Amino acid sequence: MSVPDSFGLQLAKYTNVAGLTILIYDYFVTLHFEVQWTWGRKWGITRTVFMFSRYGPLACALMTSYSAVKTWGTQDCAPFNDALNGLHFLSVIAAEVLLIFRVYAFSGKKRAYLISILSFGL
């Protein structure tokens, strides 16, 4: 591996860990809002989607950072990468569904908004 390649790889590893650090910082900064607005309420589809969209990216970032700093050697990392890609996909879907819920709620639960959002989303 040449020097520019190893520098780029090291930079990518540092960037992954830095992104995880920012995500963890944001988690702790907004934790009191989560406690205030979601903890202690009954579980429903909205709360489930919110929790997955909040903690899914954290799990993805942890797994990505772990993968970035771990030396795999001769081990096969395909199952780990498949799980990580699936979790990324589900986290994006959860965030999109949560956005649809929010727009629908802020529109005063008007069906026209819901239909237009769903038609553009498909």
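Summary of the structure given here. (Residues numbered from 1 in each chain as written. Predicted model: local features only at pLDDT ≥ 70, side-chain atom pairs only at ≥ 80, totals over all residues. Heavy atoms only, no water.)

1. Side note on the packing of helix α2 (residues 45-69) against helix α3 (residues 78-106)
Then, number 1: One can describe the packing of α2 onto α3 by two numbers: an axis separation of 8 Å at closest approach and a directional angle of 145°. Here the hand of the crossing between α2 and α3 comes out left-handed.
Then, number 2: Taken together, the residues of the contact of α2 with α3 break down into 19 nonpolar, eight polar and no charged. (Axes fitted to C-alpha atoms, helices over the stretch in contact; angles between N-to-C directions. Helix = DSSP H or I, 4+ residues; strand = E, 2+ residues; numbered from the N terminus. Left-handed = near helix turned anticlockwise from the far one by under 90°. Nonpolar A, V, L, I, M, F, W, Y, C, P; charged D, E, K, R; others polar.)

2. Things to note about α3
Then, number 1: Between its first and last C-alpha atoms α3 spans 42 Å; for 29 residues at 1.5 Å apiece the expected length is 42 Å, and the two agree.
Then, number 2: Within α3 the residues assigned to the buried category are Leu 84, Leu 87, Ser 91, Ala 94 and Leu 98.
Then, number 3: Of the surrounding secondary structure, the elements contacted by the buried residues of α3 are α2.
Then, number 4: Positive phi appears at Gly 108, one or two residues downstream of α3, with a value of about 80°. (Expected span 1.5 Å × (residues − 1). Buried < 20%, exposed > 50% of the residue type's maximum accessible area, 1.4 Å probe, protein only. Contact = heavy atoms within 4.5 Å.)

3. A short note on the pattern of salt bridges
Then, number 1: A complete count under the given rule lists one salt bridge for this structure.
Then, number 2: As a salt-bridge pair, Glu 34 and Arg 54 come within 2.4 Å of each other at their nearest N and O atoms. With Glu 34 in helix α1 (residues 3-37) and Arg 54 in helix α2, this residue pair connects regions lying 20 residues apart in the sequence. Each member of the pair, Glu 34 together with Arg 54, is buried. (Salt bridge = Lys/Arg side-chain N within 4 Å of Asp/Glu carboxyl O.)

4. Let's talk about the packing of aromatic side chains
Then, number 1: Tallied over the full model, the rule gives three aromatic pairs.
Then, number 2: For the pair Tyr 27 and Phe 28, a centre-to-centre distance of 5.1 Å together with 75° between the ring planes defines the contact as edge-to-face.
Then, number 3: A relative accessible area of 55% places Phe 28 in the exposed class.
Then, number 4: Taken together through their ring pairs, the aromatic side chains of Tyr 27, Phe 28 and Tyr 55 make up a single cluster.
Then, number 5: Residue placement shows Arg 47 over the ring face of Trp 43; its charged tip is 4.0 Å from the ring centre. (Phe/Tyr/Trp six-rings, centres within 6.5 Å; stacked < 30°, edge-to-face > 60°. Lys NZ or Arg CZ within 6 Å of the ring centre and 35° of its normal.)

5. What about the nonpolar core?
Then, number 1: Among the nonpolar cores identified, the biggest contains five residues, and these are Val 49, Phe 50, Met 51, Ala 94 and Leu 98.
Then, number 2: Elements with a minimum of two residues in this core: α2 and α3.
Then, number 3: Of all the elements, α2 adds the most residues to this core, at three residues.
Then, number 4: Not counting residues within four places of it along the chain, the set of residues in contact with Phe 50 comprises Glu 34, Thr 38 and Leu 98. (Core = buried A, V, L, I, M, F, W, Y, C linked by side-chain atoms within 4.5 Å.)

6. Focus: unusual backbone geometry
Then, number 1: Backbone geometry at Lys 109 places phi at a positive 60°, although glycine is not the residue there.
Then, number 2: Structurally, Lys 109 is set in the loop between α3 and α4 (111-121).

7. With respect to the side chain of Ser 65
Then, number 1: Relative to the helices and strands, Ser 65 is located in helix α2.
Then, number 2: Judged by relative accessible area, Ser 65 falls into the buried class, the value being 6%.
Then, number 3: Once residues within four sequence positions are removed from consideration, Ser 65 is found in contact with Asn 16, Val 17 and Leu 20.

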